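Per-entry structural report
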Amino acid sequence: PVDKILISGSPFLLFRIGYTATKKYSIPWIADYRDGWTTDAYPEAVGILTKPIHLFNKYFEKKWVSSAAAFTTVSGHLKKGIEKYTGVKGSVVYNGFFAEKDIPKATTVNRTGIRFLYSGVMYPRQDYRTPVTVFKKIIDRYKDQIDIEFVFLGTVYADEAFKNDPIFKGYEDTILLTERVNYKAALEIHGSADIFLMFTHQGMKGIVSSKLFDYIKFHKPVLLFPGDGDILDELLLRSGLGIIVNDAVVLEKKLAYLIEQKMETGFIESHPDIEYINSFNRENQAGTLAEVIKANFA
């Protein structure tokens, strides 16, 4: 016997199960949105071929989700849009991070090298070409003074266009494009980074990638390009780890400053808010989810 259901999307078509369970068997359910479906500025809303499907999805989102006892999602921006469209009350439960026992939180003093790291997939609305162009200028300026690495970890996985982009030509020794690695190896590579890189989904708010939480648990600076004026800015500034840059000119100056700081001191300064960061470990976020479940399945 089933007396309550929590359904996570996407695929959002699974929400139909909750709708049917409620209508047919009076079983309450909660919709869990890991991403938005139709309520934000998604490309599917305007494409000639995709717009009819988008309108079809909007109809079913309202029909199915309106029967839910509540919903959860990953940011306040998405929560507000979904609430307005469906009329259902929502709560934010962040993706969070797995708390590791032995995370290397401080970079070893090293004046001879600096490593910038982007981890995971690159999506179409993320501008990586502008920062890569700036990176190349910085490499040319400092290559005789310090070893510089810009690592794109796992980014070439299933993305031949990114892998073969001519923008990387001639810099293969300093801009490293890698395949995916196992979890233990990924932790070690993250631990060796001085600064993490985050690229905003242009024109969109409320997109909180899991990688952001995987970054902040290391208590190292995170360079965001550009700022989103929303949840990414808020999370990074409140964590004490954010370096937010909005244009190429400022980015070049900031990268030069960081490299010179590394050459002078051997590490990059950061001031993590440990209590705030720890609120995003998955144990704490599971507690938030439990409260939502108790409140709506009483």
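Residues numbered from 1 in each chain as written. Predicted model: local features only at pLDDT ≥ 70, side-chain atom pairs only at ≥ 80, totals over all residues. Heavy atoms only, no water.

A separate point is the pairing of strand β8 (residues 195-199). Residues in a regular strand point their side chains to alternate faces of the sheet. For β8, the buried fraction is high: five of the five residues fall into the buried class. Because side chains alternate across β8, one face comprises the buried residues Ile195, Leu197 and Phe199, and the other comprises Phe196 and Met198, equally buried. Here two bridges tie strand β5 (residues 113-119) to β8, and the two strands are oriented parallel to one another. Residue pairing for β8: Leu117 is matched across the bridge by Phe196. Of the pairings in the sheet, the one linking β8 to strand β9 (residues 222-225) comprises four bridges and is parallel in character. Note that in β9 the partner of Phe196 across the bridge is Val222. One crossover worth recording links β8 to the parallel β9 by way of helix α7 (residues 210-216), and it is right-handed. (Buried < 20%, exposed > 50% of the residue type's maximum accessible area, 1.4 Å probe, protein only. Helix = DSSP H or I, 4+ residues; strand = E, 2+ residues; numbered from the N terminus. Pairing = 2+ DSSP bridges. Right-handed = clockwise from strand over helix to strand, strands pointing away.)

Among the nonpolar cores identified, the biggest contains 59 residues, and Phe116, Ile148, Phe152, Leu212 and Leu223 are the most heavily contacted of them. No other element matches helix α4 (residues 129-142), which puts six residues into this core. Beyond its immediate stretch of four places on either side in the chain, Phe116 contacts Ile148, Glu149, Phe150, Val151, Ile195, Leu197, Leu255, Leu258 and Ile259. Counting residues in hydrophobic clusters, the runner-up holds 23 residues, among them Ile7, Ala21, Trp64 and Val74. (Core = buried A, V, L, I, M, F, W, Y, C linked by side-chain atoms within 4.5 Å. Contact = heavy atoms within 4.5 Å.)

A word on the layout of surface pockets. Approximately 1,400 Å³ is the volume found for the largest pocket. Among the elements that take part in the lining of the largest pocket, helix α6 (residues 183-192) stands out by supplying four residues, more than any other. Here the lining of the largest pocket is built from residues that sort into 22 nonpolar, 15 polar and nine charged. Estimates place the volume of the second largest pocket at around 180 Å³. Taken together, 13 residues make up the lining of the second largest pocket; nearest its centre are Pro221, Ile243, Leu258, Glu269 and Ser270. Among the elements of the structure, β10 (242-244) and α9 (248-265) are those that each provide at least two residues to the lining of the second largest pocket. Of the residues forming the lining of the second largest pocket, the biggest block, four residues, is contributed by α9. Here the residues of the lining of the second largest pocket sort into six nonpolar, five polar and two charged. (1 Å grid on protein atoms, 1.4 Å probe; cavity = no way out; pocket = protein on both sides within 12 Å on 5 of 7 lines; lining within 4 Å. Points joined across faces, edges and corners; volume = space filled by probe spheres on them. Nonpolar A, V, L, I, M, F, W, Y, C, P; charged D, E, K, R; others polar.)

Here the focus is the sheet that holds strand β6 (residues 147-153). The strand order across the open sheet formed by six strands is β7-β6-β5-β8-β9-β10, and the pairing between neighbours is parallel. The open sheet has two free edges, formed respectively by β7 (175-177) and β10, since each of these has just one partner strand. Neighbour-to-neighbour, the strand axes of the sheet open up by a mean angle of 25°, direction not taken into account. Bridging between β6 and β7 involves three bridges; their strand directions are parallel. In the strand pairing of β7, Phe152 is matched with Leu177. Packed onto the sheet, α4 meets β6, β7, β8 and β9 and runs at close to 155° relative to β6. This element, helix α8 (residues 231-239), spans β8, β9 and β10 of the sheet and lies at about 160° to β9. (Axes fitted to C-alpha atoms, helices over the stretch in contact; angles between N-to-C directions.)

With that out of the way, let us pick up the environment of Gln126. Tracing the backbone shows Gln126 in the loop between β5 and α4. Note: C-alpha distance between Gln126 and Phe199 (73 residues apart in sequence) is 5.8 Å. If we skip the residues at most four places from it in the chain, Gln126 touches Tyr118, Val121, Phe199, Thr200 and His201. At 3.4 Å, the side chain of Gln126 forms a polar contact with the side chain of Tyr118. (Polar contact = N/O pair within 3.5 Å; in protein donor to acceptor, adjacent residues only side chain to side chain.)

Let us now look at α8. Those residues of α8 that fall on the buried side of the exposure criterion are Ile231, Leu232, Asp233, Leu235, Leu236 and Ser239. On the buried face of α8, the contacting elements are β8, α7, β9, β10 and α10 (274-278).

Under the counting rule described, the total for this entry stands at nine salt bridges. Close ionic contact of Glu252 with Arg141 constitutes a salt bridge, the shortest N to O distance being 2.7 Å. Taken together, the residues span a long stretch of sequence, with Glu252 in helix α9 and Arg141 in helix α4 at a distance of 111 residues. In this structure Arg141 comes out as partly exposed when scored by relative accessible area, which is 41%. Lys262 is the salt-bridge partner of Asp194, the closest N and O atoms lying 2.9 Å from each other. Of the two residues, Asp194 sits in the loop between α6 and β8 while Lys262 sits in helix α9, which places them 68 residues apart along the sequence. Taking relative accessible area as the criterion, Asp194 reaches 4% and is therefore assigned buried. (Salt bridge = Lys/Arg side-chain N within 4 Å of Asp/Glu carboxyl O.)

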